[in-house]
Amino acid sequence: MNEQAGNFGPGGRPLGEAPREEQTPGERVDGFGPEGEVFPHRVRVATPAAAPFERVTDTRVPSWRTVGIPALMFVLTAVSTLLAGALQRGVAPEAAFSHPALLLTGLPFSLTLLLILGAHEMGHYVASRKWGVDASLPYFLPAPSLLGTFGAVIRIRGGILNRNALMDVAVAGPLAGLAAAVPALLVGLMMSRLAPGGSSPGIGLGTPLLFDGLAWLVHGPVPEGQTILLHPVAFAGWCGLLVTSLNLIPAGQLDGGHVVYTLLGGWHAKISVAIGLVLLVMGYWWPGWIFWSVMVLALGRRHPPLMDEWEPLTRKRRFWGFACMMLLVCTFTLTPIRLF
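Residues numbered from 1 in each chain as written. Predicted model: local features only at pLDDT ≥ 70, side-chain atom pairs only at ≥ 80, totals over all residues. Heavy atoms only, no water.

Asks: What is the right way to read the pattern of salt bridges from this model?
Replies: Close approach of charged atoms allows side chains with opposite charge to pair. A complete count under the given rule lists three salt bridges for this structure. Among the salt bridges present, the one from Arg-157 reaches Asp-134, with a minimum N-O distance of 3.3 Å. Of this pair, Arg-157 sits in the loop between strand S6 (149-153) and helix H5 (163-191) while Asp-134 sits in the loop between helix H4 (107-130) and strand S5 (139-142), and the two are 23 residues apart along the sequence. Judged by its relative accessible area of 32%, Arg-157 is partly exposed. Of the residues examined, Asp-134 reaches a relative accessible area of 21% and is grouped as partly exposed. In this structure, Glu-309 engages Arg-163 in a salt bridge whose closest nitrogen and oxygen atoms are separated by 3.4 Å. One end of the pair, Glu-309, is in the loop between helix H10 (288-299) and helix H11 (315-331); the other, Arg-163, is in helix H5, with 146 residues separating them in the sequence. (Salt bridge = Lys/Arg side-chain N within 4 Å of Asp/Glu carboxyl O. Helix = DSSP H or I, 4+ residues; strand = E, 2+ residues; numbered from the N terminus. Buried < 20%, exposed > 50% of the residue type's maximum accessible area, 1.4 Å probe, protein only.)

Asks: Mind showing me how you'd approach the layout of surface pockets here?
Replies: Summary: where empty space remains is shown by rolling a probe the size of a single water molecule over the atoms. In this model, the largest pocket occupies a volume close to 1400 Å³. Lining the largest pocket we find 47 residues, and of these Ala-152, Val-153, Asn-247, Leu-254 and Trp-292 sit closest to its centre. Residue contributions to the lining of the largest pocket peak at six residues, all from H10. Looking at the lining of the largest pocket, its residues break down into 30 nonpolar, 14 polar and three charged. (1 Å grid on protein atoms, 1.4 Å probe; cavity = no way out; pocket = protein on both sides within 12 Å on 5 of 7 lines; lining within 4 Å. Points joined across faces, edges and corners; volume = space filled by probe spheres on them. Nonpolar A, V, L, I, M, F, W, Y, C, P; charged D, E, K, R; others polar.)

Asks: Got a minute to help me understand the environment of Phe-332 in this structure?
Replies: Inspection of the secondary structure puts Phe-332 in the loop between H11 and strand S10 (337-339). Put simply, Phe-332 and Thr-244 are 88 residues apart on the chain and 8.7 Å apart in space, counted from C-alpha to C-alpha.

Here it is as structure tokens:
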């Protein structure tokens, strides 16, 4: 029976009332939500599977700013990491500039590091596009340093829907980067060799738990007085673990900070300040922690609000959040680089 009793028209509206805008499942209209929440604006709550079809509205034509600048910075970073890799192989800077073909000796390190950094940022990018978040292509950052780069970043230009979306975007980068770093590290360790550990001045690398486990898997227990002389591919893999741990610092606008916000919400600011102070103290063992402390304390104490702060975090995403905190423990080292 399709008839409706009483003074109601089709759809259950009182007679004489203008039709309301259609409300689709998963959508809250101005006024009150299903639990009595007040929503001053329309908020769409869709499932992740529907996200690519319902929220991606970016139809801008690629431009120099959106494509050209990221491409240029990638080329510059490729050159700087090539130079860094060549210097690690004993090529003098003046020789590299006078004979550019010598830069090819840095290719194993450069390609591996760019692959790991690219995987990390593309993890963020793909997760952002899945949720309809307006994200830029990765910006690689060249640097005149031992690694030849400061890493890579993407810009999030739009708001993020809810905690589930934020968690997906936050963890996708470290997990994708680790998926590239671990195989590279294994292959690099197979090409590395044991050598006497001399007492001459040099640079030492701190080794996190994950590195120690993979090194033991490949070389077994390292005899006393011996050390592993890393192949450039293995060094790039080590850099990948370092990048993962730095990004998972649970504070500010870092990936770990986003994870903390999704898990603990209002505690984010207090935790960020506490972590910033801890990093400052850790600067006693490695000066680089002072830079990260300043960045967290000065730039990262406040987290941008989500479009929907009420949507609960799913159990699966809660698991991945805590898993990434465990990953921080496995990739962390107190003194990443030390002189001796």
